[in-house]
Amino acid sequence: MKFVILSYLFFFLLFPLQAQESTKVEKWSIYEDEYIAEGSVKDPFHFEFGAVFTHESDLKLEIPGFYNGNNYWLLRFSPSMEGRWFYKTFSSLEALSDKTATIIVVETSDLEEHGPLIISPENVQRFSYADSSNYFLMAFELDWLFALDWDNPDDIPKTKEIISEIKEHGFNQVIMNVYAYDASWGDREKIKPEYNFSKPTVYPFLGTNENPDFSELNIDFFKHLDRVMEHLDDQEIVAHLMIYVWNKKVSWPEPSSEADNMYFDYVVKRYQAYPNLVWDISKEALAYGRDELGYISERIDRLRNLDGHVRLLTVHDYLYCSKYPEKVDFISIQDWKPNLYDAMMEVARLHSDKPVFNIEHGGYEATQHYIFHGAYSDPLVCLDRNYQCVFAGTYSTYYWQNTSWYEVIYNPSSLPIENQPKLDWYKRLKGLFLIYDFEKLEPVQYQFTPYCLTDHKSVYMFYIPEGMELLTGEVAELKGKSVNVKWFDPLSGNLHLTENRTFDNGIWLGFTKPDEIQSPFAVAILEVIN
C-alpha cells in the first residue's frame, strides 16, 4: 500500500499540541493524518477542516480534510515534491484547529509509480505522467465498479479480478461512476445473478436510493470506494471518476441544494489526494434535462476551489467542452459518426491546445448477450473505430457490453472463448505505441495517402483501412531517404519487415500489404534509416 497513516486523539478542551516528530513518506504516496474530536458534533459534514502544507521552498498548498465517521476527521495529502513539508490545521471546530506536524518526502521506491496524469509539456495534445514518462491512454468503461465487492468487509476479490484482466491487456484508465443504480436497457433475463449489480443496496446518502435521506452521507459507502481507489492506485490504473451520472436512475438531491453541495464537496475532499485521479463532473452532463451550462460551470469552479492537488478535469459532454474549453483541462466528446477519423481530426484542429478524448465512440462490443448495442457492436468494427481515433491524434475508450453497465462479468477469461471480449487486440494496440511514442507523433494525411501518424523525421505510420491492399500516396519529406517497410497486424500483433527502399527518383509509396496479415485492416510503418 502507498499509505502512511497517523492518528491523534484531540479532546475539545485540550490546548494545541506542539509539532510532532517528522514522518518520512515517499513522493506521490498518500499520507493520512487522523484526528478524533471527543463529544457529540452536530452536522459534522458542514464543519470546515483542512491544513496548509508549506514546502521548504515556501510553496503553500491548502488541502481540505473531511469527516470520516464516529467523530473522526481525516487529512489526506499526496506530496508531489521531495523535501521537508510542514503543515498546520485549520477548522471551524476548535478542537481540530492549529495542529502541526512535519513530513519528510523522499524519492519513490516504486519503479511503477510515475505520479499523476498531466498534460505533456512536450505536446499539449497528449498526456504524460508527472515524471515525464509516456502515457498512451487506453481506457476501459466500468460504471458499476463501486458495487462489485460492497458486501465483502474483508477484501475486494471481484474488483481485483477484473482490474487484473484489463491491466494485463494494456488498459491504464478506468471510466467509472462514484455511484449508479440501474438502467432501462439489456436482456436482464440472460444475466446470471452473480454478475447482476443493478439496484445495489448501498447508497452514498443515508436511506436507500428508493427512499433517500439527504441529511447525511453514508460514510461506509465512501470507505468501500476508498478500497477500490486504493487498488487502482496500487495497479497504476487511472481512475476517471465521474461525480454524477444522470441516466442510471440515481435519486440525486436537487441541483445546488445543501445536500447536493455536501455530496459534491465531500467527493472532492475525500478523493483529490489519489495521484491516479482524473475528475469528470458528470457523464453526459447536459443530457436528460438535469442541469444546464451554468450549473456545470459552477461545479467546476467549486471543485477547483477545493482541489489543492490540482488534478486534471473534464466534462463528459462536448456541448459544454466546445463552448467553454478554457474551463476544462482536456476535451471530452461522445461522437458516433461513421466518418470518425475526419470528425476527430476536426475536433483536434478546433482544440489544438488540449488533448481530445472520444470517451464514447458508439462502439459497444457484443459477445455474450445484448446489453446496449449503440451504433456498432461487431468487435472488428469497434477495434477499427479505436484505431481511427488514435490515428487522428486523439484518445478513445473500449466498451464491452458485459462489463460497461450493471452487468459486470468480472472474470471474462473464464467464459467460453467465443464469448470472451477481444481484449488481446487492444493489448496489441497498446504494444504498438510502446514501440512508437504517441506523444511525439502527429496526424497528417499526405496526398493520396491513408491516415498517417509521423514525427516528420524517422517514423511514418499509416493506417490501412479494410479493402485497401496498397499503401499509396506521396510524401515529399521522404525524397532522398531510405526506409525500412514494416507491416503491423492488429489482430495477431505481428510485425512483418517486407522491404527497404530509397526514394531517389520519386516519392510515390506503392507498398503492397503482405498476405500474412490476418486483419482486414493493417498498419504500415516506414522507418527512416538515413
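Cut-offs and rules
- Residues numbered from 1 in each chain as written.
- Predicted model: local features only at pLDDT ≥ 70, side-chain atom pairs only at ≥ 80, totals over all residues.
- Heavy atoms only, no water.
- Helix = DSSP H or I, 4+ residues; strand = E, 2+ residues; numbered from the N terminus.
- Buried < 20%, exposed > 50% of the residue type's maximum accessible area, 1.4 Å probe, protein only.
- pLDDT = per-residue confidence, 0-100.
- Contact = heavy atoms within 4.5 Å.
- Axes fitted to C-alpha atoms, helices over the stretch in contact; angles between N-to-C directions.
- Parallel < 35°, antiparallel > 145°, perpendicular 65-115°, else oblique.
- Left-handed = near helix turned anticlockwise from the far one by under 90°.
- Nonpolar A, V, L, I, M, F, W, Y, C, P; charged D, E, K, R; others polar.
- Salt bridge = Lys/Arg side-chain N within 4 Å of Asp/Glu carboxyl O.
- Pairing = 2+ DSSP bridges.
- Core = buried A, V, L, I, M, F, W, Y, C linked by side-chain atoms within 4.5 Å.
- Expected span 1.5 Å × (residues − 1).
- Arc of directions from axis to C-beta.

1. Considering unusual backbone geometry
Glycine aside, residues mostly have negative phi angles, and peptide bonds mostly take the trans form.
Part 1: In this model, D43 sits at a positive phi of 55°, which is unusual for a non-glycine residue.
Part 2: By the secondary structure assignment, D43 is in the loop between β3 (30–37) and β4 (49–55).
Part 3: Within the chain, E236 stands out as a residue other than glycine whose phi angle is a positive 60°.
Part 4: Mapped onto the elements of the fold, E236 is located in the loop between α2 (219–234) and β16 (238–245).
Part 5: A relative accessible area of 14% means that E236 is categorised as buried.

2. Describing the confidence of the model for the protein chain
Part 1: The share of residues in the protein chain with pLDDT of 70 or more is 96%, and the mean pLDDT across the chain is 94.
Part 2: Low pLDDT (under 50) marks residues 7–19, which in the prediction has 33 contacts with non-local residues, meaning those over four places away or in another chain.

3. Brief notes about the packing of helix α7 (residues 379–391) against helix α8 (residues 423–435)
Part 1: Contact pair α7 / α8: the axes reach a minimum separation of 11 Å and the direction vectors enclose 20°. As far as their axial angle goes, α8 and α7 are roughly parallel. For the element pair α7 and α8, the recorded crossing hand is right-handed. Across from P379, L380, C382, L383, N386, Y387, V390 and F391 in α7, the residues of α8 making contact are W425, Y426, L429 and F433.
Part 2: A per-class count over the contact of α7 with α8 returns eleven nonpolar, one polar and no charged.

4. A look at the pattern of salt bridges
Part 1: Applying the stated criterion across every chain yields a total of 22 salt bridges.
Part 2: Close ionic contact of D265 with R302 constitutes a salt bridge, the shortest N to O distance being 2.7 Å. Here the residue D265 occupies a position in helix α3 (residues 258–271), and R302 occupies one in helix α4 (residues 293–306), the gap between them amounting to 37 residues.
Part 3: For D265, a relative accessible area of 14% gives the class buried.
Part 4: The partly exposed category is assigned to R302, whose relative accessible area is 24%.
Part 5: R302 is the partner of E298 in a salt bridge, and the nearest nitrogen-oxygen pair spans 3.3 Å. Placement of the pair is E298 and R302 together in helix α4, with a separation of four residues, close to one helical turn.
Part 6: Residues joined by salt bridges that share partners form a network here, namely D260, D265, E298, R299 and R302.

5. Considering the sheet that holds strand β19 (residues 331–333)
Part 1: Taken together, the eight strands give an open sheet; going across it, the order is β18-β17-β16-β13-β12-β21-β20-β19, and neighbouring strands pair in parallel fashion. On the outer flanks of this sheet lie β18 (313–316) and β19, each paired with one strand and no other. For this sheet the average axis-to-axis angle between neighbouring strands, irrespective of direction, equals 25°.

6. So, the nonpolar core
Part 1: Counting residues in hydrophobic clusters, the biggest one holds 154 residues, and the most contacted among them are L145, M176, Y263, W279, F391, F433 and M461.
Part 2: Of the residues forming this core, the biggest block, eight residues, is contributed by α3.
Part 3: Beyond its immediate chain neighbours, meaning those up to four positions away, M461 contacts F391, L432, F433, Y436, L441, Y451, C452, L453, V523, A524 and I525.

7. Section: the sheet that holds strand β24 (residues 459–464)
Part 1: With antiparallel pairing, the six strands of this open sheet are ordered in space as β22-β23-β24-β29-β26-β27. For this open sheet the edge positions go to β22 (442–444) and β27 (495–502), each flanked by a neighbour on one side alone. Strand-to-strand twist of the sheet, defined as the mean angle between neighbouring strand axes without regard to direction, takes the value 25°.
Part 2: Sheet topology places β24 next to strand β29 (residues 522–528); six bridges connect them, and they run antiparallel. Counted as the bridge partner of I464 is A522 from β29.

8. Structural notes on α4
Part 1: Across its 14 residues, α4 extends 20 Å between first and last C-alpha, which sits within 8% of the 20 Å expected from 1.5 Å per residue.
Part 2: Every buried residue belonging to α4 is among Y295, I296, S297, R299, I300, L303 and L306, and all of these are buried.
Part 3: In this structure, the buried residues of α4 make contact with β5 (60–64), β16, α3, β17 (277–283), β18 and α5 (318–323).

9. Observations regarding helix α1 (residues 157–168)
Part 1: In a regular helix each residue adds 1.5 Å, so twelve residues correspond to 16 Å; α1 covers 16 Å between its end C-alpha atoms and thus fits that length.
Part 2: Residues T159, I162, I163, E165 and I166 constitute the buried set of α1. Down the axis of α1, the sector holding all buried residues measures 155°, keeping them to one side.
Part 3: On its buried side, α1 packs onto β12 (139–141), β13 (173–177), α2 and α8.
Part 4: Positive backbone phi, approximately 95°, marks G170, located one or two places after α1.

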